[in-house]
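Given next are the chains, with one letter for each unit.
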Amino acid sequence: MKKVYIETYGCQMNVNDTEVIFAILSDAGYERTEVMEEADLVMANTCSIRDNAEQRIWGRIEVFHQLRKSRSGVLVGIVGCMAERLKDKLLDTHKVDLVVGPDAYRSLPKLLAAVTPDSPQIDVLLSRSETYADITPVRTDRNGISAFISIMRGCNNVCSYCVVPYTRGAERSRDAHTIVREACDVYARGYKEVTLLGQNVDSYLWKSASETVNFAGLLERVADIAPDLRVRFATSHPKDISDEVIAVMASRPNICKHIHLPVQSGSSRMLELMRRKYDREWYLERVAAIRRAMPDCGLTTDVIAGFCSETLEDHAQTLSLMEEVGFDWAFMFAYSDRPGTLANRAMQDDVPAAEKNRRLNEIIELQNRKSLERYRAQIGRTLEVLVEGPSKRDPSQLCGRASNNMMCVFPASGRSKGTYTVVKVIDCTSATLICE
Ligand code: 5AD
Ligand code: SF4
C-alpha cells in the first residue's frame, strides 16, 4: 500500500476536507501516515485568507521539494484554497506534481493514476453541486469526543476583502438527511459533541421534492438526536442570524450557548466598504436579541484592523463597539490585500503596515482586558462541562468546555473523558476558567 502524508492549514473546513481526502485516497489504495519521510505522496491542504498564511506554505513546499530530491518517486501535491487561487502557476513555477482545488477531490484517484514526474496533473474546476455528501470522512481528530460536520460549501457573500468566494466557489447546502445520518453515526461511535460547519451557516437551505430545511430546522433535527449530544455551529453572519435560530438555540439545552459572530469593524462606513450588508446598529441589535433570549450566551468575533481608507475615527468606532459588546474572545487581524478581491481591484490599501499593526495592537490589548473581565464574571458560578481529557499545562488536571465555549480546568478525581461534570469556577486567566 502506498502512503500519503497531508499537512492542513487554515480553517476547520480545511481540516474536514482533509478527512474527505483521506477517505477518497483510501479507496484508491493509499494509507495515511504521519511521518513525512516515509510517504509516497506528500500534500499540503492550503489556505489563502491572508498573505502570511500563504507565506508559511511556500516554506513547506520548499521542504517537500527537498524530500523529493532525496527520495525518488515521491509526489508533491498542493490542494485547497491556494491550489484554486494559483492554479497552473503552481505547476509552471513551483514544479509540484499535483494541483487540486476544493471541489475536485473526487478526481484525485484519476489524477494520481496519470501523474508522472514529467506529467503533472491539475483539476481546479469549481462546482455548483459538490458537497461530498456521500463520503464518510476518516476522522483524524484524536480525542474521539468532538466531531466537525460540514453542512455546506462555498460562499455567496462578496465581502470586498475576502478571497474565499473565489477559492471555494458558490454556496451550496448539503442534503439534510446525510448530515443527520453523519451526526447519528458519530454519536453511535461515542462522540458527545458535533459542530456544524459552514462559511455562513445561517443561509443553509436544502430542498427536496417533499421538504425544505433551513438552518433552524437542521439545528433542531441534530439537537433531537440525543439529549447528551452537544451541538455547536460556526460561522454565523450578522446579516443572516435569525430570531428563529436564536429561539431554537434557547429551546434546546444541548445546543451550546455560544455564537461566533464576526463583526470585522465597528464603523458603519467601513462595513459598507467591506460589503458586509449590515451596519453598527444592526450588529448591536442582533447582540441584544441574542442576550435577551440567552443572557449567558458566549459571544466571540473576528476583527480586521486597517482596512482600505480606515481613519482613526473608524478605528475608534471598532474599539467602542468591542467595549460595548464585551466579547469573550476574538480573532484579530491586520488587513491583508488579496489579489482578485473587490478591495484589491477597486480600493487603495492605504493604511501603512506600521499603522495597521499599531491599531491591531490596540484592539488586542482592549480584547485581552475584556476577556479577563468576561472570564472573571464567571467566578462563583457552577457550569456543566464536557470532559475532553488531561489539561495541556498540567496533565494531573482535566479540561473541558462549558456550554458558552470557555475552557475549564479542574481536578481529575475519577472523572473520565467524554462524560459531563458540574464544576464551580474559583479563579481564571483571560482564556481559562480554573474550577473545582
Ligand atoms: N485580511 C485580513 N483578515 C481577513 N479575513 C478575511 N479576509 C481577510 C483579509 N483579506 C478575516 C476575517 C474573517 C476571518 C476568517 O479572516 O475577519 O472573518
Ligand atoms: Fe479556509 Fe478561507 Fe483559508 Fe480557504 S482561505 S482554507 S476557506 S480560511
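Residues numbered from 1 in each chain as written. Chains lettered and ligands numbered in written order. Predicted model: local features only at pLDDT ≥ 70, side-chain atom pairs only at ≥ 80, totals over all residues. Heavy atoms only, no water.

1. Structural notes on the overall build of the chain
Here is step 1: Across its full length, the chain holds 14 helices and 21 strands.
Here is step 2: Scaling as 2.2 N^0.38, a compact globule of 436 residues should have a C-alpha radius of gyration of about 22 Å, and the chain matches this with 22 Å.
Here is step 3: Dimensions of the chain, computed from C-alpha atoms along their principal axes, come out at roughly 65 × 55 × 50 Å.
Here is step 4: Buried residues in the chain amount to 55% of all 436 residues.
Here is step 5: Long-range contacts, defined as pairs at least 24 residues apart, comprise 73% of the intrachain contacts of the chain with a sequence gap of at least 6.
Here is step 6: Accessible area of the chain: about 18,400 Å², with a carbon and sulfur share of 52%.
Here is step 7: Taken together, the 56 basic and 59 acidic charged side chains of the chain have centroids lying 1 Å from each other. (Helix = DSSP H or I, 4+ residues; strand = E, 2+ residues; numbered from the N terminus. Rg over C-alpha atoms; globule rule 2.2 N^0.38 Å. Buried < 20%, exposed > 50% of the residue type's maximum accessible area, 1.4 Å probe, protein only. Contact = heavy atoms within 4.5 Å. Areas by Shrake-Rupley, 256 points an atom, 1.4 Å probe, with all protein chains shown as cover. Lys, Arg positive; Asp, Glu negative; His and termini not counted. Charge placed at Lys NZ, Arg CZ, Asp CG, Glu CD.)

2. Overview of the pairing of strand E19 (residues 407-411)
Here is step 1: Summarising burial for E19: 4 of the 5 residues are buried, a large majority.
Here is step 2: As judged from the 5 bridges shared by strand E18 (residues 397-402) and E19, these two strands associate in the antiparallel manner. Within the sheet, the bridge partner assigned to Gly400 lies in E19 and is Cys408.
Here is step 3: From the end of E18 to the start of E19, which pair antiparallel, there are 4 residues, and Asn405 there has a positive phi angle of about 80 degrees.
Here is step 4: Sheet topology places E19 next to strand E21 (residues 432-435); 3 bridges connect them, and they run parallel. In the strand pairing of E21, Cys408 is matched with Leu433. (Pairing = 2+ DSSP bridges.)

3. Some words on the sheet that holds strand E1 (residues 2-8)
Here is step 1: Here we have 6 strands laid out as an open sheet, ordered E2-E1-E3-E4-E5-E6, and parallel in their pairing. With one partner strand each, in any of the chains shown, strand E2 (30-32) and strand E6 (121-123) form the two edges of the open sheet. Between one strand axis and the next, the sheet turns by 20 degrees as a mean value, whatever way the strands run.
Here is step 2: In the sheet, E1 pairs with strand E3 (residues 41-46) via 5 bridges, with the strands oriented parallel. Within the sheet, the bridge partner assigned to Tyr5 lies in E3 and is Val42. (Axes fitted to C-alpha atoms, helices over the stretch in contact; angles between N-to-C directions.)

4. Some remarks on the state of the cysteines
Here is step 1: By the definition in use, this model includes 0 disulfides.
Here is step 2: The structure places no disulfide on Cys399, whose sulfur is separated from the nearest cysteine sulfur, that of Cys408, by 9.3 Å.
Here is step 3: We note that Cys428 lacks a disulfide partner, and the nearest cysteine sulfur, in Cys435, lies 9.7 Å from it. (Disulfide = S-S within 2.5 Å.)

5. Topic: the pattern of salt bridges
Here is step 1: What the rule picks out here adds up to 41 salt bridges.
Here is step 2: Taken together, the shared-partner salt bridges in this structure form one network comprising Asp17, Asp103, Arg153, Arg168 and Arg172. (Salt bridge = Lys/Arg side-chain N within 4 Å of Asp/Glu carboxyl O.)

6. Here's the deal with the pairing of strand E20 (residues 420-428)
Here is step 1: Relative to E20, strand E17 (residues 382-390) runs antiparallel, the two being bridged by 5 bridges. Across the sheet, Glu384 pairs through a bridge with Val422, a residue of E20.
Here is step 2: Here E20 runs beside E21; their pairing, made up of 3 bridges, is antiparallel. Within the sheet, the bridge partner assigned to Cys428 lies in E21 and is Leu433.

7. A look at the site of ligand 2
Here is step 1: Surrounding ligand 2, one finds Cys11, Asn14, Thr46, Cys47, Ser48, Ile49, Cys81, Val164, Arg168 and Gln199.
Here is step 2: Of the residues in the shell around ligand 2, the class split is 5 nonpolar, 4 polar and 1 charged. (Near = heavy atom within 4 Å. Nonpolar A, V, L, I, M, F, W, Y, C, P; charged D, E, K, R; others polar.)

8. Here we look at the site of ligand 1
Here is step 1: Around ligand 1, the neighbouring residues are Ile49, Arg50, Tyr161, Gln264, Asp302, Ile304, Phe333, Ala334, Tyr335, Ser336 and Arg338.
Here is step 2: Ser336 is positioned such that a nitrogen or oxygen atom in its backbone is 2.7 Å from a nitrogen atom of ligand 1.
Here is step 3: Summarising the interface, the protein chains cover 86% of the accessible area of ligand 1, which totals 410 Å² for the free molecule.
Here is step 4: Elements supplying a minimum of two residues to the shell around ligand 1: strand E15 (298-305) and strand E16 (329-334).
Here is step 5: Grouping the constituent residues of the shell around ligand 1 by class yields 6 nonpolar, 2 polar and 3 charged. (Polar contact = N/O pair within 3.5 Å; in protein donor to acceptor, adjacent residues only side chain to side chain.)

9. Quick notes on the packing of helix H9 (residues 243-251) against helix H11 (residues 280-293)
Here is step 1: In contact at an axis separation of 10 Å, H9 and H11 are set at 25 degrees when each is read in the N-to-C sense. On the basis of their axis angle, the class for H9 and H11 is roughly parallel. Where H9 crosses over H11, the two elements pack in a sense that is right-handed. When H9 is examined against H11, the residues Asp243, Ile246 and Ala250 are found in contact with a partner set consisting of Arg286, Ala289, Ile290 and Ala293.
Here is step 2: For the contact of H9 with H11, the class distribution of residues is 5 nonpolar, no polar and 2 charged. (Parallel < 35°, antiparallel > 145°, perpendicular 65-115°, else oblique. Left-handed = near helix turned anticlockwise from the far one by under 90°.)

10. So, the domain arrangement of the chain
Here is step 1: Under the domain assignment used here, the chain contains domain 1 (2-123) and domain 2 (382-435).
Here is step 2: For domain 1 and domain 2, the distance between their C-alpha centres works out to 37 Å. (Domains from an automatic or database assignment.)

11. Notes on the nonpolar core
Here is step 1: Leu196, Tyr204, Phe215, Leu218, Leu219 and Ile259 are the most contacted members of the largest nonpolar core, which totals 70 residues.
Here is step 2: Considering every element that reaches this core, the biggest residue donor is helix H8 (residues 215-223), with 6 residues.
Here is step 3: Aside from chain neighbours lying at most four places away, what touches Ile259 is Phe233, Ser236, Ile241, Met249, Ile290, Met294, Cys297, Gly298, Leu299 and Thr300. (Core = buried A, V, L, I, M, F, W, Y, C linked by side-chain atoms within 4.5 Å.)

12. Focus: helix H7 (residues 176-188)
Here is step 1: Its 13 residues place the ends of H7 18 Å apart at the C-alpha level, agreeing with the 18 Å of an ideal helix rising 1.5 Å per residue.
Here is step 2: Every buried residue of H7 is accounted for by Ala176, Thr178, Ile179, Val180, Glu182, Ala183 and Val186.
Here is step 3: Residues of H7 that are buried sit in contact with strand E7 (146-150), strand E10 (193-197), strand E11 (205-207), strand E12 (212-214) and H8.
Here is step 4: You can read the cap of H7 off the contacts: a side-chain oxygen lies 2.7 Å from the backbone nitrogen of His177, and it is on Asp175.
Here is step 5: Taken from the residues just after H7, Gly190 is the one with a positive phi, measuring 100 degrees. (Expected span 1.5 Å × (residues − 1).)

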